Amino acid sequence: MSKTIHIPGGTITLAESKAVCPHCETHISFDKIEKRFWKQSKICIRMKCVCGKQVGITQDYRGDFVAYELKR
Ligand SMILES: [Zn+2]
């Protein structure tokens, strides 16, 4: 699933999120992130990547999802 961003004069459709796993560099889909993000209604969430590691997900100032490495 892609994400559509409305800008003045048109729309941009992104096929991939900017959330890239810091461990395996897999793009984590909007689909998976959004389901959890809205359910938990937090500023940041943690989720499991396909590589099996936990990554943190947050949003940048434009509302794009970004992934970061969790410190333990
Ligand atoms: Zn990964």
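Provided above is the structure to which this section pertains.
Bear in mind the structure is a predicted one, so any value in this text is a computation, not a measurement.

The rules behind these values
- Residues numbered from 1 in each chain as written.
- Predicted model: local features only at pLDDT ≥ 70, side-chain atom pairs only at ≥ 80, totals over all residues.
- Helix = DSSP H or I, 4+ residues; strand = E, 2+ residues; numbered from the N terminus.
- Rg over C-alpha atoms; globule rule 2.2 N^0.38 Å.
- Buried ≥ 20, exposed ≤ 12 C-beta atoms within 10 Å, placed from the backbone.
- Contact = placed C-beta atoms within 7 Å.
- Pairing = 2+ DSSP bridges.
- Axes fitted to C-alpha atoms, helices over the stretch in contact; angles between N-to-C directions.
- Core = buried A, V, L, I, M, F, W, Y, C linked by C-beta atoms within 7 Å.

Enquirer: I'd like a description of the overall build of the protein, backed by residues and values.
Expert: Within the protein, the secondary structure is distributed over one helix and five strands. Ordered by position from N to C terminus, the α and β elements of the protein give β-β-α-β-β-β. The globule rule puts the C-alpha radius of gyration for 72 residues at 11 Å, and the 13 Å found for the protein is close to it. Along the first, second and third principal axes, the C-alpha atoms of the protein reach 45 × 25 × 20 Å. Burial analysis of the protein (72 residues in total) assigns 12% to the buried set. Intrachain contacts of the protein at a sequence separation of at least 6 include 38% that bridge at least 24 residues.

Enquirer: Quick one: what's the story with the sheet that holds strand β3 (residues 44–48), residue by residue and with numbers?
Expert: Pairing is antiparallel in the open sheet, where three strands are placed in the order β3-β4-β5. The open sheet terminates on both sides in strands that have one partner only, identified here as β3 and β5 (65–69). Going across the sheet, the axis of each strand differs from the next one's by a mean of 35°, ignoring polarity. The pairing of β3 with strand β4 (residues 54–59) spans five bridges and is classified as antiparallel. Bridged to C44 within β4 is T58. Packed on one face of the sheet, helix α1 (residues 30–40) meets β3, β4 and β5 and runs near 130° to β3.

Enquirer: So what's going on with the nonpolar core? Which residues, and what values?
Expert: Within the largest apolar cluster, eight residues are counted, these being A19, I28, F30, C49, V55, I57, F65 and A67. Looking at this core, the elements that each hand over two or more residues are β4 and β5. When sequence neighbours within four positions are dropped, the list of residues in contact with C49 reads C21, H23, C24, T26, I28 and V55.

Enquirer: Talk me through the environment of G63; I want residue IDs and the actual numbers.
Expert: With respect to the element layout, G63 can be found in the loop between β4 and β5. On the neighbour-count criterion, G63 (8 C-beta atoms within 10 Å) is exposed. G63 sits 27 residues away from R36 along the chain, and the two C-alpha atoms are 15 Å apart.

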